[in-house]
Amino acid sequence: MLYLSIKSLHIILVTSWFAGLFYLPRLFVNHAMVSDKATLERLALMEHKLYRFMTPLGILAVGLGMWLWFGFGISGGWLHLKTALVTFLIVYHLYCGRLMRAFAEGRNTRSHVWFRYFNEIPVLVLFACVFLVVLKPF
């Protein structure tokens, strides 16, 4: 029962973290397209609040994933690749924080087109992770 409870919480937290990873870069797309001060400030505030909200979700999702891995003995080669993808997502998350601070300080140099591509990265990682967890191909 404990295993299923931890697994359920892990899935809920991962889903919530991904929602933030999908939406924050979308805010960056909008931020890169506008120039009026009021909208820039509003987007910077939205980005900051979202980042503050999604960071604990990511930490808890990773923590529960580690509990499932080490506490319940989940193993397999697929898990190593998934762990690498999660590590990549952590770096992506932290890089989003760096981009957010650059926007807040008026230092963004990237176009909205670049952010549109950047926004798709977590979608690809999600697909890979789900298939790895469900299929356990190796």
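This text follows the structure it describes.
Residues numbered from 1 in each chain as written. Predicted model: local features only at pLDDT ≥ 70, side-chain atom pairs only at ≥ 80, totals over all residues. Heavy atoms only, no water.

Caption draft 1: Expanded view of the overall build of the protein. Each helix and strand in the protein was counted, giving 5 helices and 0 strands. Principal-axis analysis of the C-alpha atoms places the extent of the protein at approximately 55 × 25 × 15 Å. Taking all 138 residues of the protein together, 34% fall into the buried category. At a minimum sequence separation of 6, the contacts of the protein that also span at least 24 residues come to 78%. Of the accessible surface of the protein, which amounts to about 8300 Å², a share of 71% is contributed by carbon and sulfur atoms. Treating the 13 positive side-chain charges of the protein as one cloud and the 5 negative ones as another, the clouds have centres 11 Å apart. (Helix = DSSP H or I, 4+ residues; strand = E, 2+ residues; numbered from the N terminus. Buried < 20%, exposed > 50% of the residue type's maximum accessible area, 1.4 Å probe, protein only. Contact = heavy atoms within 4.5 Å. Areas by Shrake-Rupley, 256 points an atom, 1.4 Å probe, with all protein chains shown as cover. Lys, Arg positive; Asp, Glu negative; His and termini not counted. Charge placed at Lys NZ, Arg CZ, Asp CG, Glu CD.)

Caption draft 2: Summary view of the packing of helix α1 (residues 2-33) against helix α5 (residues 121-135). Between α1 and α5, whose axes approach to 9 Å, the crossing angle comes to 150 degrees. Relative to α5, the element α1 lies roughly antiparallel. Where α1 abuts α5, its residues F18, L21 and F22 lie against P122, V123 and L126. For the contact of α1 with α5, the class distribution of residues is 6 nonpolar, no polar and no charged. (Axes fitted to C-alpha atoms, helices over the stretch in contact; angles between N-to-C directions. Parallel < 35°, antiparallel > 145°, perpendicular 65-115°, else oblique. Nonpolar A, V, L, I, M, F, W, Y, C, P; charged D, E, K, R; others polar.)

Caption draft 3: Geometry of unusual backbone geometry. For K136, which is not a glycine, the phi torsion comes out positive at approximately 40 degrees. Residue classification places K136 among the partly exposed residues on the basis of a relative accessible area of 44%.

Caption draft 4: Spatial organisation of the pattern of salt bridges. Tallied over the full model, the rule gives 2 salt bridges. As a salt-bridge pair, K37 and E41 come within 3.2 Å of each other at their nearest N and O atoms. One end of the pair, K37, and the other, E41, are both in helix α2 (residues 37-71), 4 residues apart, so they sit about a helical turn from each other. Classification of K37 as exposed rests on a relative accessible area of 61%. (Salt bridge = Lys/Arg side-chain N within 4 Å of Asp/Glu carboxyl O.)

Functional significance is not addressed by these values, which are geometric in nature.
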